[in-house]
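Read off the chains here:
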Amino acid sequence: MRIGCLQFAPQVGDVDNNLNRADCVLSRSNPQDLDLLVLPEMAFTGYNFRSLQHISPYLEPTAAGITSLWARTTALKHNCIVAAGYPEKVDVSKKWPANPEYYNSVIMVNAEGETIANYRKSFLYYTDETWALEGKGFYAGDIEGLGNIAMGICMDLNPYKFEAPWSAWEFAHHVLHIKANLVILSMAWLTREDPRSFSRAPSEPDMETLAYWLGRLEPLIRAEAVGEIIVIFANRCGTEEEVVYAGTSAVIGINNGEVKVYGLLGRGEKELLVVDTDKRPGAKLVSTPNSCATEVPEPVPSPEATKEEPLNFPDWSDPDSGNGSEDVDDYYYDFSPVSPSDARCPPVFFSPKPTPISESYYDLPSPEYSRTSFRKPSPKSPTFNRPSSPKSRNASRNENREEERSERDFPDLHEVDESYVGRSGRNSASAVPDGSQSTFSPNSLGPRSGNFSPRPKSTVW
């Protein structure tokens, strides 16, 4: 399968120029024989809107706005499937009186210009909560030419509202539940790093961000399911006012516990990444061994989840999006996820498999990580550990940079960032749909941790 990720730098509200920016990147690359083209979240409107009033002029009718038109035109021109993010305004006139409905969505158009999917973001970041409602669930569907796919948007990769436990892994479990062979993530992922220092090496990928994305897909790696799962991270780059985006769009393959890199862009590159998943991958990702994880800790038996009583993971699929399997496969309970809040030792990943010497490796970051050095894994290293969190926009809602710097220098796994709760209350737009809208409720999300904690900042691969 030939896959394209269009990474560029749109600006808030500058729709015409954003369209020109995307066309310029696409024309310069002149891709041939694409099967799928994926664009970032809210590709042509920009992302960082402050309120509903701010974004209102740029809302687009469902599958009928400027983004949909561009997707159809591009799909017909390149004879491929196109997926692009846009702010959706739903026509509720047929069920009047009703409250307006707005969603952060992705439209997917086939090579004939027909709309084949319209996914609405399920887990909202606090920027989304100022104007958007939650979707009904992650996308699941069988699409001709692509196979069984799962689709999410940016924050969908994170724990729900940052309140669910890290080990809930909602999106990753959804992927396993529907047995997807292709995962599409349209993103506008931010970084909290200083804009000047972050942009000094635009062609260099942000490996901390990539390591975090993989950490959120840990169940896919540990499941070692039969068959490769292709994962597309289609992120944007550039800045919007004080906000800096992480770029690092990538196409990876997860197969039998290994992570292969088919293609990877830099943090600031405005390029079209084109990969062919039928060819040999360019590199493999390996983890940096951690000194306190030299031995695999003995698993602690859980009375709530055993082979006789398997875990019942919630079905996060949108009931209208596809045919999700109702059976929970054996690999759902073949591993015991360990929460990163476990202070005894970082969670152990999986043992490495023998690999040809000719393979290339990306060494994922550790506290002593140098962006210019890539090392080969040691054959004596028996285990891998979960990645450290990048300094990204989803890592924390705390805007006090001095406190953030102090937390990074002196991580306390038991501390609670109470500002999470204040900035995304239950009375936000995402929690108040009209009577016909089905949304997630606290009871449907499974068990919640006792604390409201941000991303872990102390665990490493």
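Data block above holds the structure.
Owing to the predicted nature of the structure, the values given are computational and were not obtained by experimental measurement.

Asks: What is the right way to look at the overall build of the protein in this model?
Replies: Across its full length, the protein holds ten helices and 18 strands. Relative to its full complement of 461 residues, the protein shows a buried share of 55%. Contacts spanning at least 24 positions in sequence make up 76% of the contacts within the protein whose residues lie at least 6 apart. Accessible surface, the protein: about 19,800 Å² in total, of which carbon and sulfur atoms supply 49%.

Asks: When you look at the pairing of strand β8 (residues 147-153) in this model, what are you seeing that I'm missing?
Replies: Along a regular strand, successive side chains alternate from one face of the sheet to the other. Of all seven residues making up β8, five are buried, and the element is well covered by its neighbours. Inspection of the sheet shows strand β7 (residues 139-143) paired to β8 by five bridges, in the antiparallel sense. Directly across from I143, in β8, lies its bridge partner G147. Linking two consecutive strands that pair antiparallel, namely β7 and β8, is a turn of three residues; a positive phi of about 95° is found at G145 within it. Where β8 lies against strand β9 (residues 182-186), five bridges are found, and the strand directions are parallel. Looking at the pairing, M151 lines up with I184 of β9.

Asks: What am I meant to see in the packing of helix α1 (residues 15-29) against helix α3 (residues 66-78) here?
Replies: To describe two helices that pack against each other, one gives the angle between their axes and the distance between the axes. Between α1 and α3, the shortest axis-to-axis distance is 12 Å and the interhelical angle comes to 15°. In this view, α1 runs roughly parallel relative to α3, as classed from their interaxial angle. Taken as a pair, α1 and α3 cross one another with a handedness that is right-handed. Side by side, α1 and α3 meet where V15, L19, A22, D23 and L26 of the first sit next to I66, W70, T74 and H78 of the second.

Asks: Just checking my understanding: could you explain α1 for this structure?
Replies: At 3.6 residues per turn, the α-helix brings residues three or four places apart onto the same side. Compared with the 21 Å implied by 1.5 Å per residue over 15 residues, the 22 Å span of α1 between its first and last C-alpha is a close match. Here α1 has its buried residues at V15, N18, L19, A22, V25 and L26. Projected onto a plane normal to the axis of α1, the buried residues spread over an arc of 130° and lie on a single side. The outward face of α1, more than 90 degrees from its buried face, is lined by the exposed residues D16 and S27.

Asks: Please clarify how unusual backbone geometry should be interpreted in this entry.
Replies: Where the residue is not glycine, phi is negative for most of them; where a peptide bond is considered, it is trans in most cases. For D33, which is not glycine, the phi dihedral falls at a positive 60°. Note that D33 resides in the loop between α1 and β2 (36-38).

Asks: Explain the sheet that holds strand β12 (residues 239-240) to me, please; I cannot follow it from the model alone.
Replies: In any sheet, the strands associate via hydrogen bonds between backbone groups, in a parallel or an antiparallel arrangement. A sheet is described by the order of its strands in space; here three strands give the open sequence β10-β13-β12, paired in antiparallel fashion. A strand with exactly one partner marks an edge of an open sheet, and here the two such strands are β10 (190-191) and β12. As judged from the two bridges shared by β12 and strand β13 (residues 243-245), these two strands associate in the antiparallel manner. The partner of E240 across the bridge, within β13, is V243.

Asks: Would you take a moment to explain the nonpolar core for this structure?
Replies: General note: in soluble globular proteins, nonpolar side chains tend to be found buried as a group. Core analysis: the largest hydrophobic core is formed by 87 residues, its most contacted members being M108, I232 and F233. With six residues, the single largest contributor to this core is strand β11 (residues 229-234). Apart from the residues within four sequence positions on either side, I232 is in contact with I3, C5, L36, V38, L182, V183, I184, L185, A250 and V251. Counting residues in each nonpolar core, the second largest holds 23 residues, with V25, L37, F44 and V109 among its members.

Here is what the cut-offs are and how they apply
Residues numbered from 1 in each chain as written. Predicted model: local features only at pLDDT ≥ 70, side-chain atom pairs only at ≥ 80, totals over all residues. Heavy atoms only, no water. Helix = DSSP H or I, 4+ residues; strand = E, 2+ residues; numbered from the N terminus. Buried < 20%, exposed > 50% of the residue type's maximum accessible area, 1.4 Å probe, protein only. Contact = heavy atoms within 4.5 Å. Areas by Shrake-Rupley, 256 points an atom, 1.4 Å probe, with all protein chains shown as cover. Pairing = 2+ DSSP bridges. Axes fitted to C-alpha atoms, helices over the stretch in contact; angles between N-to-C directions. Parallel < 35°, antiparallel > 145°, perpendicular 65-115°, else oblique. Left-handed = near helix turned anticlockwise from the far one by under 90°. Expected span 1.5 Å × (residues − 1). Arc of directions from axis to C-beta. Core = buried A, V, L, I, M, F, W, Y, C linked by side-chain atoms within 4.5 Å.

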